Amino acid sequence: PRLDRFKKVRDNLFNFRCPYCGDSQKFQNKARGYFYRKKDDFFYKCHNCGVGTTFSKVIQLIDSELYKEFCKEKFYGDKEEEKTLPTFTAPKFKKKDPQLESLTSINKLNGSHPARQFVESRQIPKEFYSDLYFCSKFFEWAHIGTTVPRRQEHPRLVIPFRDETGEVFAAQGRAFGNETPKYLTVKFQDKPKIFGLDRVDLSRHLYVVEGPLDSLFIDNSLAVAGADFGHLPYEKEQVTIVLDNEPRSREIIKRMEHLIENNYELVIWPDSIQQKDINDMVLSDPKCDILKIINKYKFSGLTAKLKLADWKRI
Ligand SMILES: [Zn+2]
């Protein structure tokens, strides 16, 4: 009852204002405390003050009577203990996505279909085939009709952006061939173009990349289309930013300098890696452990500055 802005993020993950630090006094809607499940117990973590404790300790803090009940049940109640967890009605995440209705998901295409072959050739993990789609007329589907000559119409791979509840709010169309631009993102709602919100566990460290397909190769990661990392709604300490490996791109270097100035942790790829993005790295060496490389080459502050100066080729 006394947990402000309490909400269910997904199964086994709940978010609310931290009762220890009070979260931000200035921003009443900031909520950085989380209950998350590990094995059979719930734990607490605040991404503002860093407090990490058990579910019962939080109950003890907010309501000592409830805590006594909880302990009684936990020690004497045997299987009754789950009753002390408030019951939540799970929102219906399995609603239809009207935007995707006219498209065919990759898992429903047969092996000889060029779109399926494209996805397979990029070695995208099979578990994602059911939420990647083939769109035969992208401009028409995305309503980018009027300004584009008809002959430029072409098929694209559609990658839906879902919010925390699973609802589609944007989608990216990736060209199968050399059509430009290679990526085209359409918004159905006015929200920052962040991909992967329906899958990440916000109680854990996050990796943030540029390309949605790249993010499918890294556990607990998001992709920010348009690389607008300044508007990430997460604490800086919680994220590692992974930009493409382009030491000759002025734009990338500028972005990296900006991120370092703003105290973000980011990856500066070693010279031994030639590939431009994560997908290409996986293709060149299917056994490479991308996460291990990322964790080995992530830097911040002065070290990042020095590494960047050494890495850039312009
Ligand atoms: Zn806190």
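Residues numbered from 1 in each chain as written. Predicted model: local features only at pLDDT ≥ 70, side-chain atom pairs only at ≥ 80, totals over all residues. Heavy atoms only, no water.

Here 5 strands make up an open sheet; going across it, the order is β1-β2-β3-β4-β5 and the pairing antiparallel. Each edge of the open sheet is held by one strand with a lone partner, namely β1 (7-10) and β5 (52-54). Strand after strand, the sheet turns through a mean of 30° between neighbouring axes, direction not considered. For strand β3 (residues 33-38) and strand β4 (residues 41-46), the ladder comprises 6 bridges, and the chain directions are antiparallel. Considered in β4, the bridge of Arg 37 is made with Phe 42. With respect to the sheet, helix α1 (residues 55-62) is in contact with β3, β4 and β5, its orientation differing from that of β5 by roughly 90°. (Pairing = 2+ DSSP bridges. Helix = DSSP H or I, 4+ residues; strand = E, 2+ residues; numbered from the N terminus. Axes fitted to C-alpha atoms, helices over the stretch in contact; angles between N-to-C directions. Contact = heavy atoms within 4.5 Å.)

Turning our attention to the coordination of the zinc ion. Here the zinc ion is held by Cys 18 (SG), Cys 21 (SG), Cys 46 (SG) and Cys 49 (SG), and the distances to it run 2.3 Å. With 4 donor atoms in place around the zinc ion and angles of 103 to 119° between them, the coordination shape is tetrahedral. Taken in chain order, the donor set of the zinc ion reads C-x2-C-x24-C-x2-C. (Donors = N, O, S within 2.8 Å, 3.2 Å for Na, K, Ca; no water. Tetrahedral: all angles 85-135°; square planar, octahedral: opposite > 155°, others 65-115°.)

Turning our eyes to something else, we now look at the nonpolar core. Judged by nonpolar contacts, the single largest core of 65 residues is most densely connected at Ile 106, Ile 124, Leu 132, Ile 241, Trp 269 and Ile 278. Looking at this core element by element, the count peaks at 5 residues for helix α6 (residues 250-261). Residues contacting Ile 124, with those up to four places away along its chain left out, are Val 119, Tyr 129, Leu 132, Leu 213, Leu 216 and Phe 217. (Core = buried A, V, L, I, M, F, W, Y, C linked by side-chain atoms within 4.5 Å. Buried < 20%, exposed > 50% of the residue type's maximum accessible area, 1.4 Å probe, protein only.)

Moving on to the sheet that holds strand β15 (residues 265-267). The mixed open sheet is built from 6 strands, whose spatial order is β11-β13-β12-β14-β15-β16. Looking along the sheet, the strands with just one partner apiece sit at the ends: β11 (194-195) and β16 (298-299). As judged from the 4 bridges shared by strand β12 (residues 206-209) and strand β14 (residues 239-242), these two strands associate in the parallel manner. Its bridge partner lying in β14, Val 208 is registered against Ile 241.

This part takes up the domain arrangement of the protein chain. Annotation of the protein chain at the domain level lists domain 1 (7-84), domain 2 (98-191) and domain 3 (195-311). Inter-centroid distance (C-alpha atoms) of domain 1 to domain 2 is 40 Å. (Domains from an automatic or database assignment.)

Structurally, Cys 288 is set in the loop between α7 (278-284) and α8 (290-296). In this structure, the C-alpha to C-alpha distance between Cys 288 and Leu 66, residues 222 residues apart in sequence, is 50 Å. Aside from chain neighbours lying at most four places away, what touches Cys 288 is Met 281 and Val 282.

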